[in-house]
Amino acid sequence: MPYRNALPSEIHGLTDQELALVNVQIAEPFRQLLADQQVDDLPDTMLNSFYLPLAAALAKATRNKSGTLIVGVNGAQGSGKTTLCSILTLLLESGFGLRVASLSIDDLYLTRSERDKLGKSVHPLLVTRGVPGTHDVKLGVQLLTELQKTQAGRKISIPGFDKSIDDRIPQSDWRMVKTPLDIILFEGWCVGATPQATEELRHPVNSLEELDDAEGRWREYVNSQLATDYAHLFASFDLLLMLEIPGMEWVFTWRGLQEQKLAAQSQRTAATQLMDKAALQRFIMHYERLTRHMLAEMPERANLVLRLNSAHQVDAVRINNWPATKGKRKT
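Every value quoted in this text rests on a predicted model; they were computed, and no experiment measured them. Here the residue index of a chain counts from 1 through its sequence in written order. Given that the model is predicted, a residue must reach a pLDDT of at least 70 before its local features are reported, and side-chain atom pairs must reach 80 or more before they are shown or counted; all residues, however, enter totals for whole chains, interfaces and linings. Derived side-chain values reflect all non-hydrogen atoms in the structure, with water molecules and hydrogen atoms excluded from consideration.

1. Overview of the environment of Leu 110
Stage number 1. In this description a helix means any DSSP run of H or I spanning at least four residues, a strand means any run of E spanning at least two, and both kinds are numbered starting from the N terminus. Tracing the chain through its elements places Leu 110 in the loop between strand 2 (100-104) and helix 5 (112-121).
Stage number 2. Accessible area is worked out with a 1.4 Å probe on protein chains only. A residue is then buried under 20% of its type maximum, exposed over 50%, and partly exposed in between. Note on Leu 110: relative accessible area 13%, which makes it buried.
Stage number 3. Counting along the chain gives 26 residues from Leu 110 to Asp 136, while the straight-line C-alpha distance between them is 5.7 Å.
Stage number 4. Whether two residues are in contact is decided by their heavy atoms: any pair within 4.5 Å suffices. In contact with Leu 110, not counting residues within four places along its chain, are Arg 115, Leu 118, Gly 133, Thr 134, His 135, Asp 136, Phe 161 and Arg 168.

This is how it looks when you write it as structure tokens:
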């Protein structure tokens, strides 16, 4: 499937008149959201040329579902998954009248204490959050199951993780989501990932694997998690979207910018664990193998691939097996 410069009208179904009407509703909230997210390099034209058509395409896809549409959103560290989901939530709710919940696989990280135990019982590298095996996948499956229930007014608690202290927030601070929902956006760097073939695990991809995982036990464990618990979680997705970065070298640059924003937003205390350059380079090595694997194979199967250029902007899209739409727009 070749890449296109824009989403075709048969996918999003918007006429120019409908586009203009929705634009009037959400233009100002959209600008405010970008300011809140510290996004200052997004061209104004992207609202009409990309974000509104994408939101409309997801709104159309809800018509094929009698219940909640679950959309997985994949992208390497720093690719903009959280910003994309925030924008889509705003547009789907305010522009299309849908009920939306946005979750991150980061919300499911094991606590620091749980990862410490995993590091002692399985492999020391599992103390570092991020790779498959460091999330509470059973909690994720339970959350998605509960969020799909149609009983009106039910409140579901969504966990959260504070990266500045590298630990889950107290349950008393978990946010609440009300059902029923039309769409769940579930984002994460390894969302939708598949395991590698055994022979691909034999050779280290960087110095971290070469020195700290010489026997390959860590990467074998991570791979086995993808083949079992994570496969069950990802099987619940109706659609998979991928933010395709230009290459692995951009992860450090964009993840570094993300760390700077986190530093600006955090109240610095002795307990914070924000990363300097050296720590960030080592941290990203934990993600490198699976990131390269996803870049190699996921564009062939994700329902929608959003290709990013070096300016961090979507410059083309690729569509694979997008569902046909039936019925009328939800109101």
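2. Details of the pairing of strand 3 (residues 155-158)
Stage number 1. By the alternation rule, side chains of strand 3 split into Ile 156 and Ile 158, which are all buried, and Lys 155 and Ser 157, of which none is buried.
Stage number 2. Pairs of strands are assigned from DSSP output, requiring at least two bridges between the strands. Note: strand 3 against strand 6 (residues 175-178), four bridges, orientation antiparallel. Opposite Ile 156, over in strand 6, you have Val 177 as the bridge partner.

3. Digging into the pattern of salt bridges
A side chain of one charge can pair with a side chain of the opposite charge if their charged atoms are brought near each other.
Stage number 1. Whenever Lys or Arg places a side-chain nitrogen within 4 Å of a carboxyl oxygen from Asp or Glu, that contact is recorded as a salt bridge. One pass over the full model with this rule turns up 19 salt bridges.
Stage number 2. In this structure, the salt-bridge partner of Glu 146 is Lys 149, at a minimum N-O distance of 3.0 Å.
Stage number 3. Measuring nitrogen to oxygen at the nearest pair gives 2.5 Å for the salt bridge that ties Arg 154 to Glu 146.
Stage number 4. Relative accessible area serves as the criterion here: at 18%, Arg 154 is assigned to the buried category.
Stage number 5. A network of salt bridges, in which partner residues are shared, links Arg 112, Arg 115, Asp 116, Arg 129 and Asp 166.

4. Comments concerning the environment of Ser 224
Stage number 1. With respect to the helices, strands and loops of the structure, Ser 224 is situated in helix 8 (residues 217-227).
Stage number 2. The spacing of Ser 224 and Pro 195 is 29 residues in sequence and 7.3 Å in space, taken between C-alpha atoms.
Stage number 3. Under the rule applied, a polar contact is a pair of N or O atoms within 3.5 Å (in protein, one hydrogen donor and one hydrogen acceptor; residues adjacent in sequence only if both atoms are side-chain atoms). At 2.6 Å, the side chain of Ser 224 and the backbone oxygen of Tyr 221 are in polar contact.

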